[in-house]
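Each chain, letter by letter, is given below.
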Amino acid sequence: MAADPRRALEKYRRHAATYDRAVARAEPLRHEAIARLQLQPGDIVLDLGCGTGLSFPLIEQAIGPEGRLIGIELSPDMLANAQERVERAGWQNATLIQAAAHDAEVPVEADTALFHFIHDIMRSPPALENVFRHVKPGGRVVAAGGKWAPWWALPLNLGFWYVARRYITTFEGYARPWSHLDRFVPDLRVESRPLGGVPGGAYIAWGRVPAAGPSENFPSGLP
Ligand SMILES: C[S@@+](CC[C@H](N)C(=O)[O-])C[C@H]1O[C@@H](n2cnc3c(N)ncnc32)[C@H](O)[C@@H]1O
């Protein structure tokens, strides 16, 4: 079954108030994911399915006021919390867009894109196509999230299913959630990580979109 934005909207209407506390155990993976973005002052960052903006402090710290943060989020309830976070911190360089990733109008060409615990977007080729139209050649990409643990952890997978079904609308591709990224990030590297104490219950994937070809890298006429 494909991801269903209408069901996601309903789910996150209920989760918005308690989301930050509920996901506290996954925070180490967030730190690793953002470190792997190798953010530089002045970078333009896309945070897809940014939720309540839990990634914003680490991103803002790295890009500084000269950078730009674009958060794209389907749920108005989650985004309202993200907006509050932005206002409390006084970040002037954050633009929050309420839209489904497949039809969001992205106003920039980004240096980096973060996909953090957004399985529904990872499994939507139209969403990825729209996002990657707005990532610069050579742009850095990091994805992280839950996945099925190895077969020997079958009973633990039942627990994962019970928890994850609150947050995602499809388990399609949950064994290899990154599989559609290969098309956009040919050098994608993937490693397993523990989640909630379960080895292999999460993944982290990173790489770069291809750099522009030689004809785009060098002005014509040069040797
Ligand atoms: C598990 S939360 C992750 C939030 C945030 N990335 C984080 O790491 O805390 C998944 C988020 O993706 C959003 N979402 C789900 N489907 C989406 C879509 N098609 N387009 C944009 N956002 C979507 C949900 O509303 C929710 O806020």
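Residues numbered from 1 in each chain as written. Predicted model: local features only at pLDDT ≥ 70, side-chain atom pairs only at ≥ 80, totals over all residues.

(A) Highlighting the overall build of the chain. When helices and strands are counted, the chain shows 9 helices and 7 strands. Here the C-alpha radius of gyration of the chain, 17 Å, is about what a compact globule of 223 residues would show, namely 17 Å. Its C-alpha atoms put the chain at 65 × 40 × 30 Å along the principal axes. Residues classed as buried in the chain amount to 43% of the 223 residues present. For the chain, long-range pairs separated by at least 24 residues make up 75% of all intrachain contacts whose partners lie at least 6 apart in sequence. (Helix = DSSP H or I, 4+ residues; strand = E, 2+ residues; numbered from the N terminus. Rg over C-alpha atoms; globule rule 2.2 N^0.38 Å. Buried ≥ 20, exposed ≤ 12 C-beta atoms within 10 Å, placed from the backbone. Contact = placed C-beta atoms within 7 Å.)

(B) Region of interest: the sheet that holds strand β2 (residues 68-73). If you walk across this open sheet you meet the 7 strands as β3-β2-β1-β4-β5-β7-β6, and the pairing is mixed. On the outer flanks of this sheet lie β3 (94-98) and β6 (189-195), each paired with one strand and no other. Neighbouring strand axes in the sheet, compared pairwise and without regard to direction, differ in orientation by 15 degrees on average. Summarising the sheet, strand β1 (residues 44-48) and β2 pair through 5 bridges and their orientation is parallel. Following the sheet pairing, V45 is matched in β2 by L69. Packed onto the sheet, helix α4 (residues 56-63) meets β1, β2 and β3 and runs at close to 155 degrees relative to β2. (Pairing = 2+ DSSP bridges. Axes fitted to C-alpha atoms, helices over the stretch in contact; angles between N-to-C directions.)

(C) Expanded view of the site of the ligand. The ligand sits among 23 residues. The nearest are G49, G51, L74, S75 and A101. Taken together, the elements giving at least two residues each to the shell around the ligand come down to α1 (5-15), β2 and α6 (119-122). Per element, the largest residue contribution to the shell around the ligand is 3 residues, and it comes from α1. A class-by-class count of the residues in the shell around the ligand yields 16 nonpolar, 5 polar and 2 charged. (Near = placed C-beta within 6 Å. Nonpolar A, V, L, I, M, F, W, Y, C, P; charged D, E, K, R; others polar.)

(D) Representation of unusual backbone geometry. In this model, Q38 sits at a positive phi of 50 degrees, which is unusual for a non-glycine residue. Inspection of the secondary structure assignment puts Q38 in the loop between α3 (27-36) and β1. Judged by the 13 C-beta atoms lying within 10 Å of it, Q38 is partly exposed.

(E) Here's a closer look at the environment of T170. With respect to the element layout, T170 can be found in the loop between α8 (154-164) and β6. With 167 residues separating them along the chain, T170 and A3 place their C-alpha atoms 5.1 Å apart. If we ignore the near neighbours within four places in the chain, the residues touching T170 are M1, A2, A3, D120 and R123.

(F) α3, seen in detail. Buried residues of α3: L29, A33, I34 and R36, and no others. For α3, the arc enclosing every buried residue in end-on projection is 160 degrees, short of the 170-degree limit, so these residues lie on one face. Exposed side chains of α3 directed beyond 90 degrees from the buried face belong to E27, P28, H31 and A35. In this structure, the buried residues of α3 make contact with α4, β4 (110-116), β5 (135-146), β6 and β7 (198-208). (Arc of directions from axis to C-beta.)

(G) Structural context of the nonpolar core. Formed by 54 residues in total, the largest nonpolar core has its most connected members in V45, L46, L48, A113, L114 and A143. Top element by residues in this core is β5. It accounts for 5 residues. Beyond its immediate sequence surroundings of up to four residues, L48 is in contact with I72, A101, A113, L114, F115, I118, I121 and V131. Judged by nonpolar contacts, the second largest core, of 6 residues, contains W148, F160, A164 and I168. (Core = buried A, V, L, I, M, F, W, Y, C linked by C-beta atoms within 7 Å.)

(H) Layout of the pairing of β2. Summarising burial for β2: 5 of the 6 residues are buried, a large majority. A crossover connection joins β1 to the parallel β2 through α4; in handedness this β-α-β unit is right-handed. By the bridge criterion, 5 bridges tie β2 to β3 in an arrangement that is parallel. The residue of β3 that forms the bridge with E73 is Q98. Taking the sense of rotation as the criterion, the β-α-β connection linking β2, helix α5 (residues 76-89) and β3 turns out right-handed. (Right-handed = clockwise from strand over helix to strand, strands pointing away.)

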